[in-house]
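Topology and contacts: notes
Spelled out, the chains give:
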There are 2 protein chains.
Amino acid sequence: MTKLAIIGPGLLGGSLALAARRTGQFTVHLWARRAEALSELCGLNIGDHVSNDLEEVCTGADLAVLCVPVGAMPSLLEQAARFLPAGAIVTDVGSVKAGVVRDLSAITGDTLHFVGSHPMAGSEQTGVHAARATLFDGSVCIVTPVQHSAPGAVLAIRTFWEKMGCSVRMLSPEEHDQTVALVSHLPHLVAAALVEVVSSQNSRALDFAGPGFRDTTRVAGGSPEMWTEILTVNREPLQKSAEAMIEKLREFITLLGGDHPDRPSRMNDFLTQAKVHRDRLRTPRIQS
Amino acid sequence: MTKLAIIGPGLLGGSLALAARRTGQFTVHLWARRAEALSELCGLNIGDHVSNDLEEVCTGADLAVLCVPVGAMPSLLEQAARFLPAGAIVTDVGSVKAGVVRDLSAITGDTLHFVGSHPMAGSEQTGVHAARATLFDGSVCIVTPVQHSAPGAVLAIRTFWEKMGCSVRMLSPEEHDQTVALVSHLPHLVAAALVEVVSSQNSRALDFAGPGFRDTTRVAGGSPEMWTEILTVNREPLQKSAEAMIEKLREFITLLGGDHPDRPSRMNDFLTQAKVHRDRLRTPRIQS
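Cut-offs and rules
Residues numbered from 1 in each chain as written. Chains lettered and ligands numbered in written order. Predicted model: local features only at pLDDT ≥ 70, side-chain atom pairs only at ≥ 80, totals over all residues. Heavy atoms only, no water. Helix = DSSP H or I, 4+ residues; strand = E, 2+ residues; numbered from the N terminus. Buried < 20%, exposed > 50% of the residue type's maximum accessible area, 1.4 Å probe, protein only. Contact = heavy atoms within 4.5 Å. Areas by Shrake-Rupley, 256 points an atom, 1.4 Å probe, with all protein chains shown as cover. Core = buried A, V, L, I, M, F, W, Y, C linked by side-chain atoms within 4.5 Å. Phe/Tyr/Trp six-rings, centres within 6.5 Å; stacked < 30°, edge-to-face > 60°. Axes fitted to C-alpha atoms, helices over the stretch in contact; angles between N-to-C directions. Parallel < 35°, antiparallel > 145°, perpendicular 65-115°, else oblique. Left-handed = near helix turned anticlockwise from the far one by under 90°. Nonpolar A, V, L, I, M, F, W, Y, C, P; charged D, E, K, R; others polar. pLDDT = per-residue confidence, 0-100. Least-squares fit on C-alpha atoms with pLDDT ≥ 70 in both.

Moving on to the overall build of chain A. For chain A, the helix and strand inventory stands at eleven helices and nine strands. Projecting the C-alpha coordinates of chain A onto the three principal axes gives extents of approximately 70 × 40 × 30 Å. With 288 residues in all, chain A has 57% of them scored as buried. Considering only intrachain contacts with a sequence separation of at least 6, the fraction spanning at least 24 residues in chain A is 71%. Total accessible area on chain A is roughly 11200 Å²; 50% of this is exposed by carbon and sulfur atoms.

Put into structure tokens, the structure is as follows:
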């Protein structure tokens, strides 16, 4: 059995514990700081061992996964690194990677192996009460090795996420951050802005929101604290994407306001292109 | 039994036929122009009578519902009006109302009663093959009476949609158009623009789209022809909403780029307000 240390007791940490136990290949040790979190984890019977003692959780662990907000990762890893055995592999589940990989690799040094991960699942929910073994099934996990990453550690992390049910893709940390700015952070900003436009222009209109509005804005229901951190850490790629969004809206407004005889065909081209690209999205994940 | 004439064989017309038959209170007469549509309707056993002869479908009808694109409504109603009995009630399912209500009321005059409707369901799908009796269950139908509408006709239309499973709300045609510009047309534009931003900035990023991106952009999969017409007809309220969207995005970009000590708390306020408003949306419809 592989000893798996999961540091952080939220939706991702809890679901990871359940998914790992489902394979029958891991003994799962879960760390949480707060007494309430510990008792919740015990009540839900989510890990094999649950503790607020990092030494207990990390000693002898083959693999440690940081499942806390990215701002809390460096200090926790500094403490955990004192207890993890030489050669242990460390990863994280942070939604941004360039800064995280740089900071955490500096802490693990040559003794431990750090490889960044970003399982793209469950971002609109929080709390261990929503944890489920199937959270990762069919979702994409982006693994972000760098030049100095040990190939064996990269392979181990890839295999680990595949066992959790993910489809694994490799990107550099910088490519990752630009990619998620486009497909995750910009949609979040757009969803939140859309809700606020409607609220401010005519709040009664929200009573008429149908399934289209509900889906378009679903991600705006995510944790403001978590998303403030994510959007701040990834602000440069996000600013670029948001400027591109404004340009694209401006392009359509110009089309709409113009009186060219080819307006209908140009609007139709705009919407057709979007439909073609939207329809090409990979098959939906099994479980959402 | 009420004789119901449904003019137009698409998703809405077909679903309406199924929903009306489910009540056991209507004989459903369906009109379609094309032979392929007629044979598809027969094959699916969707109406009690199916025909491409407007006279046959409209003669003796108590209620007629126009389920064709808004641009095709006036000429079809001009023809249908010759066969509908005096006092018959006419409605439509168009997604825009001010122009439709004005044009169709002018055709029905004093002999027939026109009251506009907009059942907010199924806009991202097309074709009678997707029709189902439950399409309207739990959805909102906006009914748009005007000053000269006969109270009895308004009540009849309200009751009709409630029997179809809708929750009915009343708005003036102009209030309707401003409301749907915000909760339906702007989200469609935003979803299409978001897909096109990602495609144009980094088309490989689409391979990493998760459930968040999929939901945020789902409506962009709707029929480009249908949406070109809807967005064009409602272009003035839509332009205003799209400008407000640009302003809101600009507000967030400024926040993100600034270096004020209160940046985190102001970003958190922005996202928290959006979450609060999003979480307040009325209970999801039963069937989507």
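Now for the side chain of B:His176. When you line up the elements, B:His176 lands in helix 7 (residues 173–202). Apart from the residues within four sequence positions on either side, B:His176 is in contact with B:Ser95, B:Val96, B:Lys97, B:His118, B:Ile142, B:Thr144 and B:Leu171.

Core analysis: the largest hydrophobic core is formed by 132 residues, its most contacted members being A:Met245 and B:Met245. Not counting chain neighbours up to four residues away, the residues in contact with B:Met245 comprise A:Val190, A:Ala193, A:Leu194, A:Val197, A:Leu249, B:Leu186 and B:Val190.

Residue and element names in this part refer to chain A. Following the criterion strictly, the structure yields eight aromatic pairs over all chains and no others. Considering the side-chain rings of phenylalanine 160 and tryptophan 161, the 5.2 Å spacing of their centres and the 70° angle between planes classify their relative orientation as edge-to-face. Each member of the pair, phenylalanine 160 as well as tryptophan 161, is classed as buried. Members of the aromatic cluster, each reached through a chain of ring pairs, are Phe26, Phe136, Phe160 and Trp161.

It is worth spelling out the packing of helix 7 (residues 173–202) of chain A against helix 10 (residues 235–257) of chain B at this point. For the pair helix 7 of chain A and helix 10 of chain B, the least separation of the axes is 9 Å and the interaxial angle reads 125°. Judged by the inter-axis angle, helix 7 of chain A sits oblique to helix 10 of chain B. In the crossing of helix 7 of chain A with helix 10 of chain B, the sense of the turn from one axis to the other is right-handed. Here helix 7 of chain A contributes A:Leu189, A:Val190, A:Ala193, A:Leu194, A:Glu196, A:Val197, A:Ser200 and A:Gln201 to the contact with helix 10 of chain B, which in turn contributes B:Lys240, B:Ser241, B:Ala244, B:Met245, B:Lys248, B:Leu249 and B:Phe252. In the contact of helix 7 of chain A with helix 10 of chain B, the residues fall into nine nonpolar, three polar and three charged.

Within the secondary structure, A:His188 is located in helix 7. Using a relative accessible area of 2% as the deciding quantity, one classes A:His188 as buried. Setting aside residues no more than four positions away along its own chain, A:His188 makes contact with A:Val219, A:Ala220, A:Gly222, A:Trp227 and B:Leu271.

What follows is about the confidence of the model for chain A. Low pLDDT means the predicted coordinates in that region are not meant to be read closely. In this model, chain A carries an average pLDDT of 93, and 97% of its residues clear a pLDDT of 70 or more. Predicted complex metrics record ipTM = 0.83 and pTM = 0.83.

Attention shifts here to the relation of the copies chain A and chain B. Note on the copies: chain A fits chain B at an RMSD of 0.0 Å, the axial shift is 0.0 Å, and the rotation between them is 180°. Both copies of the chain, as the preceding transformation shows, are related through a two-fold rotation axis. Using C-alpha coordinates, one finds that chain A approaches the rotation axis most closely at A:Thr216, a distance of 1.9 Å. Both copies contact each other with a shared surface, as 100% of the interface residues of chain A are interface residues in chain B too.

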